[in-house]
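Observations on the three-dimensional arrangement
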Amino acid sequence: QVQLVESGGGLVQAGGSLRLTCAASGTTLRIINWAWYRQAPGKQREFIARIVGGGTTDYADSVKGRFTISRSYAGNTSNLQMNSLKPDDTAIYYCNAQIAPSVSYWGQGTQVTVSS
């Protein structure tokens with residue numbers, strides 16, 4: 001069982017920055033892919049960013065150029081650097097860690113609130 005703990009959320013003014021961290025524990029297996037999603041009130045969870053085994057990254061159009069996903073050298077931590085935040089970025093942010101093609105785990109979520 002893999003446990004994922006997110007941190008770094010909070011309240012920030014529009015134009016500000018936050019850095020989210022997701023730390024994995026409980027497994028000796030290598031995490032293949034990391035991804036971040038978010039869910040705003042009344043909306044479905046949506047994909048934000050992904051970093052896959054070789055280091056290739058992929059972003060939703062809504063955050064491209066503003067958010068950057070990364071992972072630690074050891075592979076057990078992922079970060080999401082969020083710059084130029086907008087009120088529309090307000091949501092609960094979730095990390096997802098994939099250890100096998102059909103096996104992934106979710107964190108508990110961290111709230112990000114961007115005030116105008």
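Glancing now at the packing of aromatic side chains. This model, assessed by the stated rule, comprises two aromatic pairs. With a centroid separation of 5.8 Å and 75° between ring planes, the pair formed by Tyr37 and Phe47 is classed as edge-to-face. In this pair, Tyr37 sits in strand E4 (residues 33–39) while Phe47 sits in strand E5 (residues 46–51), placing the two residues ten residues apart along the sequence. Arranged with centres 5.0 Å apart and planes meeting at 65°, the rings of Tyr37 and Trp106 form a pair that is edge-to-face. Separated by 69 residues along the polypeptide, Tyr37 in strand E4 and Trp106 in strand E10 (residues 103–106) bring together distant segments of the chain. On the accessibility criterion, Trp106 (38% relative accessible area) is partly exposed. Aromatic ring contacts, followed pair by pair, group Tyr37, Phe47 and Trp106 into a single cluster. Residue placement shows Arg45 over the ring face of Tyr94; its charged tip is 3.7 Å from the ring centre. The lysine or arginine in question, Arg45, covers the ring of Trp106, its NZ or CZ lying 4.6 Å from the ring centre.

The next thing to look at is unusual backbone geometry. In the Ramachandran plot, Ser84 falls in the positive-phi region, its phi being about 50° despite a non-glycine side chain. Inspection of the secondary structure assignment puts Ser84 in the loop between strand E8 (77–82) and strand E9 (91–100). Given the relative accessible area of 41%, Ser84 is considered partly exposed.

Quick look at the state of the cysteines now. Working definition of a disulfide: a covalent bond connecting the sulfur atoms of two cysteines. Enumeration over the complete set of coordinates arrives at one disulfide. Disulfide partner of Cys22: Cys95, at an S-S distance of 1.9 Å. Taking the torsion about the sulfur-sulfur bond, which here is approximately 40°, the covalent link between Cys22 and Cys95 counts as right-handed. In this pair, Cys22 sits in strand E3 (residues 18–25) while Cys95 sits in strand E9, placing the two residues 73 residues apart along the sequence. Overall, Cys22 belongs to the buried group, its relative accessible area being 0%.

We now examine the pattern of salt bridges. Tallying each qualifying case throughout the model produces five salt bridges. A salt bridge links Glu46 to Arg38; the shortest N-O distance between them is 2.7 Å. Residue Glu46 is classed as partly exposed on the basis of its relative accessible area, which comes to 35%. Notably, a salt bridge pairs Arg50 with Asp58, separated by 3.1 Å at the nearest N-O pair. Assessed through its relative accessible area of 29%, Arg50 is described here as partly exposed. Where salt bridges share partners, they join Arg38, Glu46, Arg66 and Asp89 into one cluster.

Calculation notes
Residues numbered from 1 in each chain as written. Predicted model: local features only at pLDDT ≥ 70, side-chain atom pairs only at ≥ 80, totals over all residues. Heavy atoms only, no water. Phe/Tyr/Trp six-rings, centres within 6.5 Å; stacked < 30°, edge-to-face > 60°. Helix = DSSP H or I, 4+ residues; strand = E, 2+ residues; numbered from the N terminus. Buried < 20%, exposed > 50% of the residue type's maximum accessible area, 1.4 Å probe, protein only. Lys NZ or Arg CZ within 6 Å of the ring centre and 35° of its normal. Disulfide = S-S within 2.5 Å. Salt bridge = Lys/Arg side-chain N within 4 Å of Asp/Glu carboxyl O.

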